[in-house]
Every structure is written in structure tokens, then in C-alpha cells.
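Breakdown of the fold
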Amino acid sequence: MLMLECPYCGVTADETELSPGGEAHLTRFGPGASDDEFHDYLFMRENPKGVHFERWRHAYGCGKWFHAARATDTLEVFGTYPAQTTKPPQEILDKISAKRPGWTWRDLK
Amino acid sequence: MSTRLSTHGRLIDRSQTIKFTFNGKWMRGHPGDTLASALLANDQMLVGRSFKYHRPRGIVASGAEEPNALVNMGKGPTFEPNQRATTTELFDGLTATSQNHWPSLEFDVGEINASLSRFLPAGFYYKTFMYPRAFWKHVYEPFIRQSAGLGQAPKDRDADTYEHFYAFTDILVIGGGVAGLQAAKAAADSGAKVLLVEQSSAWGGRAMVDQVDSETVNDTPVDKFVEEITAELAAMPNVTMRLRMMGAGVYDHGYVLAYERLNDHQPDADGPRHRLWRIRAKQTITATGAIERPLSFAGNDVPGVMLASAVRDYVVNFGVSPGDRTVIATNNDDAYLTAIILKKAGLDVPRIIDARPEGGGALMEEAKALGIRVDLGRAIAKVKGSRRVTKVQICNQAGEGGVLDEVACDAVAMSGGWSPVVHLWSHCGGKLLWDEGHAMFRPDGDNPPRGASGEGFVRCAGIANGAMDLAAVIADAHEAGKAAAKEAGFTPKRSKAPAATSRADAALLPVWLMPQGAKTELRAKSWLDFQNDVKVTDVQLAAREGFESVEHTKRYTTLGMATDQGKLSNINGLAILSDALGQPIPATGTTTFRPPYTPISMGAIAGEARGEVFQPIRRTPMHDWHDANGADWEPVGHWRRPYAFVRPGESVEAAVMREVTNTRESIGLLDASTLGKLIVKGPDAGRFLDMLYTNMMSTLKPGRCRYGLMCTENGFLTDDGVVARIDEDTFLCHTTTGGADRIHAHMEEWLQTEWWDWKVYVANVTEQYAQVAVVGPKARKLLEKLGGMDVSADELPFMGWADGTIGGFACRVYRISFSGELSFEIAVKASDGQAFWDALMEAGSEFGIQPYGTECLHIMRAEKGFIMIGDETDGTVIPQDLGLDWAISKKKEDYLGKRAQERSHMTDPNRWKLVGLETVDGSVLPDGAYAVGPGKNANGQRNMIGRVTSTYHSPTLGRGIAMGLVQHGPDRMGEVLEFPGTDGKTYKAKIVSPIFYDPEGEKQNV
């Protein structure tokens, strides 16, 4: 059972206190988008063995959505950060680079 | 025979005798016995029948790895199947029965399967039961159901109680042998908080049997050392020690489940029977020891063939000898210890059969000095005997099994080497290394299970870590304790491990089959997995048939399945598989180790969550009134809602019909408090709701209501309800009863993760209000009688709302209708709910007021053609399917689901659409029935062209009415469709408009 720190209330919460929300940093496509764009937005997801960025909600706590950067293979957590952003904070990217040189995720390196 | 000795028995109290029954027969034992040791003391070696061939099986082991001695314990409410006799502590009055036989353990009809074993090889289920197809339902399945499964499921409610316990510790040490004790001590000396758990009822582990007479720690005998270190740990305030508590599973980020058996050994004591510990530990040390491997020779499953370590455990711990004449078969030095202990206890050891041509070290010399004959380079060709060993035939290990000699005996003690217990290490991703020298998998310290920091959080200690002699075990455990303390943020004491002796053993010879070139007839009697009846030939067959992955072989042969999960069989099985595939053992690898380590009770998993506590019920403010007035309850989400209010002597169906008629003709009351109520507030609230609902909400005027539809981003209808605009910045959104929390979360998700710059807040106020629907042609008269506000059609028109008072209660009145009648939904403070309801009921009596339930609500809405989320929708239905295009804004550029509804599949004219259905004969269509069209599909099934989504008897119309989704439905008005029912009948129904009653809406708009 994972433990993640909620960046809003500071609680290090058990997974039972959280609800998962899939991949982070999706760009919404709406009316006017091409079929391919909308299809990709709706269905296409990363499935990495390694570094991943996910959405979580502190559902049975403060109720806030946040993002987690973690490794799917070792369950290492590189950091959590508020959901009100379109890309991960630089300090978390630096931390991942230090620990996993050469990592990639979508267009992030 | 097996019997109680007059000497030995360090764990039993001979001064007391207790009685128990096995298969109805009274037997005697002593406090401290396990059920297994007590059975052996009563010469009850035969304890069960094997799963597939119903072969007689005896006790093999002395601990958690026991595959055969599974018994039913207790009776009635305390009945429990599949309990291991080897880990069941004896108590006075214990009742146990054996399993998997009929009519009796001694005479079992199923034994015929053994003679048929040629026809029941690995995978026979898959090969045999395929054809003819019709046989599956009537012949094969009943047969398999009759013969499958170990034990029986309990029939009564469990009379015991269970609990969960949350624990937080710096360091958790699992295993209370010398390694666990030393690791705990080294860790605790740093000041770290340590929890030390041991699955059995005593500290010290195997060392108390194996090293107690011969070896020392700090120049002290091992038992003295255990006594001292246990006392030291018990005196430390930062150490918690628990016996009878097993580390069951290791999970992500340092989460560990442990299973404490508090009262299994004292069933009359107060308190819970089991406790499930949910532990968060910074570091976990598994000092879980090792399990001895059996040897694969013909007849190794005959009762009386046991693990060598188990034989000496019974002698030393319980003063029980499994046999009078015990032959030892081994490939390593350890089994010599058994021979020595037996001989010194005055028992006969006619032969030690050592597969190694060079034999063993010091222990062999000691055994020889005691006068025991040792045969080197030899093997057991076959064990003779059926219900008990009678003799062994001896051959060359290097040969094919030609018999050189026979030795009469009544027990065989076998040892194929040791396998470290790596289960807990492996549960969460710890990797293993193949140790060639000891022919075993041991933990790969460089690849531990990793926690949130990326560092390992489990380390193994002692034999579990591959340290094979006492000095190495103590040193390894000491270092593990210190390292764990350091990793947990403490400073370990600078100390050296206590000095211990070590035994100079000769090297082990890997022996996976005895003899090495055993012929088919011998291999077909050489068992790998006793519990699942898997033989050497089965694994070899699986390899020949292409099941090369160890996981496939496991499932094809059932090797390593069921309650023991292959604790004895796995390594031997994968060695045989590797040999058949011509590859080294590490290339084959192991199957995945999964928690729990041994089975834990369902009660412990449930804990306190049973009965009323299992899922707390949500109650409306009027719940108790409903209960006292005949409510037939229906679960809706976590709520209970009255399905109908049943009068004495009335059927539920009759009550529903009465409620519909009464509401349509005079007046009815519905408790609508469970409907979700979400306040959406802020300068951007209108803009936000325009995105969430398919229709335009921002144009709604304060004081007005609008019915809205909500879709998910993939276009499917997810909820509906009436939205009221309270003021310029504030909306109140009603949701379905089951949808309140989900829709609240849906709103929060979009607000927080997509439109976080919009100024909107959402609050779920569902439980703050009691809401009552006053419905029927006399509804206005009732409200006017109670008085307080103007509810006339001019002042409060249809789809309007107003604040005011009614009968002295502050309230908000919505003129909305889900029934087609004149209807007021009135919200009052939750605390006023019951008093308001009482006032309505009292004042309404002159108008014939009656409460109504959810089924009446359903019928009335269906009569009006109103959809219900969950009936007309199932997660694949879009609003356009339901003819709700009028509620979809054409003006809005965007809303959630809009783009998805433009996808080709969503605009396909062949989508099934909502229609009304009227049976030709007035009967009620079966719920969920499918309409069939001409032709057949690729599978030869009739083509389906629609299905029933809601179906009721309408008392208003005096006939069955239904709604359904039908291909091209709205274009097929008047057409009669066929709906085959599961009752064999075919129902005919005509396609009609879904609005059966008052299509102009004259009744609600008055």
C-alpha cells in the first residue's frame, strides 16, 4: 500500500485515504479537435516501466487533487506537487534526473 | 508404531493430561502438544486422504509447511476446515475430523482414483472434459464439484470475534528464532522501537532442537542463550514481543500484515480469536528460517515418511517418536542429527542412506560411532506399505533403481537440503539468487523490495538470508539489526556479534530424483506435491507438452497450489522441470510468492466489519417514522429508502398499486431527502455549470429551475437532476440519490485540475436538508391549509422555487414534478424533517394523504416517460439515445461530452433509441429482456435489436408498460417486437411513445 504526501495538507497518507486519477498533465481536446487528437486525449496513455506522473486525490482527507512523480517499477516516489500546473516542477525533474539518468516520459527528459 | 516416549518433550507439561477427539475417537495429550504431536503419540499417523487419488497420507512436517495433516476443527458456529494439525495447539475438548474421504478415513471409495492414475495425468481436466459438450453441465461439472476442494465450507455464522490493530514501529522483526532474537537485540540497542513477532508459541526456533546439545553462543548452551536474550528484550521498554503472530505479507512502502492467533489454543478465553495487525515499519527484518525439502523417491508419500527435521522435532519438543525403526535418507549432513537424536532416545535406526558417495562430516562419524550403519552413494528405490511404511528397498543413487537390499522399518526420515523462507522478502519485489553450493534460492541483498525513498526496506537475517551455521546466523542477524537501525535513522551501538560455534558439515549433493535414473514406474510414484498429488512424471509431462514457463507448469499440474502453496514442493518441482527442459535451475526461476505466507482466517480479514458495522446505513431524518409505518426497505447507495409502505395484511405489490392510485387521485408524500444537493457558488458558477451540463444553465433566472443532464468526457450520460438558481452567483444542483458523492467529486476534479482559475466553490449539502415531495391533485390544498406562503400557480409557477414558511416551518419550495402530478418538493432543515413530515401527515388526513415509496415513484415516472439513471442508462447511453435532444444546447461551444458525442459511433443512425413498449396482451414484459430481429449473428445466435430498460404494471392504465432501447425505434411506431423471456415464453410488445400518461402535461402544470 503506497504512501504519498499530500502537498496541500502535508499529511503522509495511506493509499486507502487516496483515490487514483490516472495519468497527469493531459491536454484537454474539445469541440473543433480532430478525431485523432480527441481519440488520443480520451484513450491513449503512457504505460511506462519506470518514471511516471500520476494524478491522485486526497479523497478521504482534504479533498484536493495533486500530482505524484514516481517509479512504477520500484515504487520510489520522487515527489508530489499541486495539480494546478501543466508541467512538473523543475526541482522534481532534477531529482529524477539525478536518480535515473536518461529517463524519458512523453517529451520530458 | 508412533508413540509417546518417557524422555524428551521440552514443550509439553507431562503433569497434566488433556483429552481430545479425532474422528470421534477420544485421545489423550499434554498441554504444549500440537494436534499433530498428540495424534502421533496416539499412533494416529494416517490423518487424511490426498486430493486427487485419495491416497492415505500421514503427517510429514512439524510446522507451517505441512501439506497433509489438514483437519476440520470444531463444530457448528466454530467449525473451520483445512486447519494444519502441526500448528494447532492442543486444548482440552478439541474436536478434529479428517478430510477428503468417504465414507471413512480408513476405507475411502475415492481410492479407486489411485488405480486410475494412468488416466488422470496432469491436465486431465482440460483433456477429458471437453466433449461431448452437453456432458459438461450434467456429468462433468457435478462430478468436479463433488470432488473438488479440500474440506467443507462452514455452514453456520462464525461465533468468534476478530479485530484489526494498527501499529507503527521503527523496526519489525519477523521470526523469533536465534536470528530474530539477535537481530531484534542489535536493533533495539540503538533505541529504535522494535516489534518482534514469532508464529509459534515459543522463542528460539530450530536451534532449540538442532543446536541445543552440541553448540554454544558466548560459551553458553543455546537454550540458555535464548532464555537470556529473551529476558533482556522483554525488559527493554522500546521492544514489543508477540508470540503466535505470523508475518503474513509485505506490501508497498513498508506496509506489513501480521496475523496474531490469540485464542486458538484457549477457545474459552475472552476477547477476539484472531487479530490482524496492520503495521507500518520503517524497516523490516525477516528472520524466517528455512524449510527442509523432501526427497523424490517412489512411495515418498506413504504415511511414516517424514521430513528428517520433523522427526527430531517430535522427539525433542514433544517426547513423541514417529516410529520404532526409522530409516534415514539424505543428501546432506543435517539428517544425521535426526539419526543421532533417535538413537540416543533409545530408538532403532537400522540404516542411513546417504546419496553422497563420499558421505558426510563429523556428524556422520558420530552416527557411526553410535553403531548406526551408513550406506553411501545409495538411494531409496521404493518405500513399501500402504497405510504405513513397512520397509524400504535400497538401490544405487547413480542407477535406475535395481534393488540391492531391503530394510524393514516403520518410518523414513528424509532430507533433501534446506530452502530459506524467502516468501516475505519476495512479496514486494525482493529478488533471489541461486546458491549453487547449498542448491537453494536465497535473497539477493542488492535487489531488495524498495520503499518510497528508493532504498530497500526489507532485509533478511540468519538462515533466511542463506547463513547456514550457528556462528554465521548470529553474526548475520547482528549486522542486519544494526543496519536496519541505521537505515531507520538511529545510531547502532558499536558492538560485535556474540561468538558462536559452527558445525563442520560436508557439502550437500543436489538430489532431485532418487535414484538419479529412476524408471517411469518409480517416477510415477515419486511425489513432488503431496497436497495436490503432483508426481515427477506430471511435471515431466507438462514440459513435454510445452508448458515450459514455471508459472504455466504450476497451473497445468497444480504443483504448489492450495493451502501450502508448495512450501515443500516448489524447489523440487522446478528442479525436475529444469532438468526436463535441459536448463539450469535459475533459468527456470520460481513462481511468484504471494501473500499471505500461510492462510489467514476470513474473520481476521473482516475484523470488526461485520453485521451492522460492515457498511453503516445512511438514514434520512424520517427514517424511524418510515420504519414504524410499514416501510419495506430498499438499499439505494448507502441509504435505505422505503420501497413501499405496506399495511397489515397487504402484499407489497398491492401497497405499491394503492400508493400510485392514491397519489394520482388525491395526495401522496415522498421522502426525497436522499437526493443529492450540491451548492455551486461563485462569479464563474454559471460558466462552470454550462460546461458540466449539456444544456445552458447560465441563462437560468434566479427563482427558476431547470432539468439538466450531465455527461462524462466520453459522452455518456452519467447523472441528471433539477438545477435551481438561487441568486446571480449561486446554484443548487440536485443529483440522483446514488450520485451525490460521485458528482461532487466530478465537479471538484474539473475545478481543481482543469479550470483552477475559475472562481467557483462546490459544497455538498445533501444531509443538511430534509426534503419532502407533496404530490397529487390536492397538494396545493394541503399547503394552503398549513399556510404561510403563497403557493398559487401565479406566484409559484411550474419550474419555479420560493423561500418561505409552511405551517410555521422555514422552507424552500420547488415546483418540480417527477410524477406528472401537481407537485411541490419542500426542503426544510434536517432537524425539522420529522416534525414537518408529521405536520403534513396530520393536516393531509382530510385529503386522504398517504406516504409512498420508491416503486410508486418509479411507476409514476415511467407512466410519464421520464428516464431513470441506471435503468435507461448503463454507462454506454448518450442523451441523444433517449430522445433528450431538447436538453442539449445547440448554442454552446463546449460542454463535457460534446466532442465525444460527435464521434462516428455516437452519431451512428443504428444506435438503439428510447421508445415505449406496450404488451399486446397487457402483461408485464420481463425486465432486461431483449428484442430479437431476423437472422443470426456470427455465433449462430439470434440477432438482437433492442432491450427493455424499465417495465412495470401501471395501475393508472391497468396494463403493463415498459421503456426500452430499440434500433431505429422512434421510426418504427406501431411495430410489434418479440421478446423471448427466460421463462421460455415469448412476449410481444408494440412500439409506442414512451409517454403513456398525460402527454400534454396538463396535470403537473396547474
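This part is about the overall build of chain B. Of the regular secondary structure elements, chain B holds 25 helices and 51 strands. In terms of principal-axis extent, the alpha carbons of chain B reach across some 115 × 70 × 55 Å. Counting the 1006 residues in chain B, one finds 59% classified as buried. The contacts in chain B between residues at least 6 apart in sequence include a share of 65% that link residues at least 24 apart. Roughly 40100 Å² of accessible area belongs to chain B as shown, and the carbon and sulfur atoms make up 52% of that amount.

All names here are of chain B. At a closest axis distance of 10 Å, the pairing of helix α14 (residues 536-544) and helix α15 (residues 550-557) adopts a crossing angle of 125°. Accordingly, the angle class assigned to the pair α14 and α15 is oblique. Seen along the crossing, α14 lies across α15 with a hand that is right-handed. When α14 is examined against α15, the residues Asp538, Val539 and Ala542 are found in contact with a partner set consisting of Thr553, Tyr556 and Thr557. Residue classes in the contact of α14 with α15 are distributed as three nonpolar, two polar and one charged.

Residue and element names in this part refer to chain A. Judged by pairing direction, the sheet is antiparallel, and its four strands sit side by side in the order β3-β4-β5-β6 without closing on themselves. Strands at the two margins of the open sheet, each flanked by one partner only, are β3 (19-23) and β6 (77-82). The average angle at which neighbouring strand axes cross in this sheet is 30°, direction not considered. In terms of strand pairing, β3 meets strand β4 (residues 51-57) through three bridges, oriented antiparallel. If you follow Glu23 over to β4, its bridge partner there is Glu54. With respect to the sheet, helix α2 (residues 90-99) is in contact with β4, β5 (65-71) and β6, its orientation differing from that of β6 by roughly 170°.

So, about the sheet that holds strand β20 (residues 326-330) of chain B. All names here are of chain B. Taking strand neighbours across the sheet as the criterion, the five strands line up as β18-β26-β20-β21-β22 in an open arrangement whose pairing is parallel. Both edges of this open sheet fall to β18 (305-307) and β22 (374-376), since each of them pairs with a single strand only. Mean inter-strand twist for the sheet, computed between neighbouring axes without regard to direction, equals 20°. The pairing of β18 with strand β26 (residues 411-415) spans three bridges and is classified as parallel.

Another point: the packing of aromatic side chains. Applying the stated criterion to the full structure yields 17 aromatic pairs over all chains. An angle of 55° between the planes, with centres 4.6 Å apart, marks the rings of Phe165(B) and Trp277(B) as tilted. Of this pair, Phe165(B) sits in strand β9 (residues 162-174) while Trp277(B) sits in strand β16 (residues 274-286); the two residues are 112 residues apart in sequence, bridging distant segments of the chain. Joined through ring pairs, the aromatic side chains of Phe688(B), Trp750(B), Trp755(B) and Trp758(B) make up one cluster. One residue, Arg55(A), lies across the ring of Trp65(A), its end atom 4.4 Å from the ring centre.

Once that is clear, we can look at the pairing of strand β34 (residues 639-645) of chain B. Residue and element names in this part refer to chain B. Among the seven residues in β34, five count as buried, and that is most of the element. As paired strands, strand β33 (residues 631-636) and β34 are joined by six bridges and run antiparallel to one another. The partner of Pro635 across the bridge, within β34, is Arg640. If you look at the hairpin formed by β33 and β34, you'll find two residues sitting between the two strands, and Gly637 has a positive phi there, around 60°.

Moving on, we come to the interface of chain A and chain B. Opposite the 32 residues of chain A that make contact, chain B presents 30 residues. Carbon and sulfur atoms supply 51% of the area buried between chain A and chain B, which totals about 2600 Å² over both sides. On the chain A side of the contact with chain B, Met1(A), Arg28(A) and Pro31(A) bury the most area, a combined 27% of that side's loss. On the surface where chain A and chain B come into contact, there are five salt bridges. The salt bridge involving Asp894(B) is made with Arg28(A); its shortest N-O contact spans 2.8 Å.

Each neighbour pair has its own omega, and for Met514(B) with Pro515(B) the value is -10°, a cis peptide bond. In this fold, Pro515(B) is placed in the loop between α12 (470-487) and α13 (520-523). Between Pro595(B) and Pro596(B) the backbone carries a cis peptide bond, its omega angle lying at -5°. Non-glycine residue Arg106(A) carries a positive phi angle of around 50°. If you trace the backbone, Arg106(A) turns up in the segment after α2.

Within an α-helix, residues lying three or four positions from one another point in the same direction, as the helix has 3.6 residues per turn. Residues and elements named next belong to chain B. Every buried residue of helix α10 (residues 362-369) is accounted for by Leu363, Met364 and Ala367. Taken end-on, α10 shows its buried residues confined to a sector of 100°, consistent with a single buried face. Looking at α10, the residues exposed on the side facing more than 90 degrees away from the buried face are Ala362 and Ala369. Among the structural elements, α9 (334-344), β21 (352-354) and β22 are those in contact with the buried residues of α10. Among the residues trailing α10, Gly371 stands out with phi positive, at a value near 90°.

It is worth spelling out a negative patch on the surface at this point. A cluster of acidic residues, Asp213(B), Asp223(B), Glu227(B) and Glu228(B), forms a negative patch at the surface. Residue placement: Asp223(B) occurs in helix α7 (residues 222-235).

What follows concerns the confidence of the model for chain B. Predicted confidence across chain B gives a mean pLDDT of 94, with 97% of residues reaching 70 or more. Here the predicted complex carries an ipTM of 0.97, next to a pTM of 0.90.

The next point concerns the environment of Leu577(B). Inspection of the secondary structure puts Leu577(B) in helix α16 (residues 570-581). Among residues more than four places away in sequence, those in contact with Leu577(B) are Val539(B), Ala543(B), Phe547(B), Glu548(B), Val550(B), Thr553(B) and Thr588(B).

Our focus in this paragraph is the state of the cysteines. Residues and elements named next belong to chain B. The tally for this structure, following the rule as stated, stands at zero disulfides over all chains. Distance from the sulfur of Cys395, which forms no disulfide, to the nearest cysteine sulfur (Cys409) is 14 Å. Residue Cys395 is classed as buried on the basis of its relative accessible area of 0%. Free of any disulfide, Cys705 has its nearest cysteine sulfur in Cys733, 11 Å distant.

Residue and element names in this part refer to chain B. As for its placement among the helices and strands, Tyr814 is situated in strand β43 (residues 809-814). Here the alpha-carbon distance between Tyr814 and Cys705, two residues 109 residues apart in the chain, equals 7.8 Å. Excluding residues within four positions of it along the chain, Tyr814 makes contact with Cys705, Ala724, Leu732, His734, Gln771, Gly800, Trp801, Ser823, Phe824, Glu825 and Ala827.

Conventions used here
Residue positions are counted from 1 within each chain, in the order its sequence is given. Key to labels: chains lettered from A, ligands numbered from 1, both in the order written. Only residues with pLDDT of 70 or above have their local features reported here, since the model is predicted, and side-chain atom pairs are shown and tallied only from 80 upward, although totals for entire chains, interfaces and linings are computed over all residues. Calculation of side-chain values draws on the structure's entire complement of heavy atoms; hydrogens and water are dropped beforehand. Numbering goes from the N terminus for both helices and strands, where a helix is a DSSP run of H or I of at least four residues and a strand is a run of E of at least two. Each residue is assigned to one of three classes by its accessible area relative to the maximum for its type, calculated with a 1.4 Å probe on protein chains only: buried under 20%, partly exposed between the two thresholds, exposed over 50%. Whether two residues are in contact is decided by their heavy atoms: any pair within 4.5 Å suffices. Throughout, the Shrake-Rupley method with a 1.4 Å probe supplies accessible areas, and for residues the shown protein chains are the sole cover considered. Only the contacting stretch of a helix is used when fitting its axis, a line to C-alpha atoms as for every element, and angles between N-to-C directions run 0 to 180 degrees. An angle below 35 degrees is treated as roughly parallel, one above 145 as roughly antiparallel, one from 65 to 115 as roughly perpendicular, and anything else as oblique. Crossing handedness follows the turn of the near helix against the far one: under a right angle anticlockwise gives a left-handed crossing, and clockwise gives a right-handed one. Here the term charged refers only to Asp, Glu, Lys and Arg, the term nonpolar to Ala, Val, Leu, Ile, Met, Phe, Trp, Tyr, Cys and Pro, and the term polar to all other amino acids, Gly among them. For two strands to pair, DSSP has to find at least two bridges joining them. Between rings of Phe, Tyr and Trp, where Trp is taken as its six-membered ring, a pair exists when centres lie within 6.5 Å; planes separated by under 30 degrees are stacked, by over 60 edge-to-face, and by other angles tilted. For a lysine, the NZ atom is tested; for an arginine, the CZ atom; a charge sits over a ring if that atom is within 6 Å of the ring centre and within 35 degrees of the ring normal. Summed over both partners, the accessible surface that disappears when two parts come together, traced with a 1.4 Å probe, is what is meant by buried area. Criterion for a salt bridge: a side-chain nitrogen of Lys or Arg within 4 Å of a carboxyl oxygen of Asp or Glu. As used here, the arc belongs to the directions running from the helix axis to the C-beta atoms. Patch membership requires over 30% relative accessible area and the absence of a salt bridge. Like charges are linked within 9 Å, and nonpolar side chains (Val, Leu, Ile, Met, Phe, Trp, Tyr) within 5 Å. Charge counting follows a simple rule: Lys and Arg are positive, Asp and Glu are negative, and His as well as the terminal groups are ignored. Working definition for charges: the position is that of NZ of Lys, CZ of Arg, CG of Asp or CD of Glu. A score from 0 to 100, pLDDT tells how confident the predictor is in each residue. The disulfide definition used here is simple: a pair of cysteine sulfur atoms within 2.5 Å.

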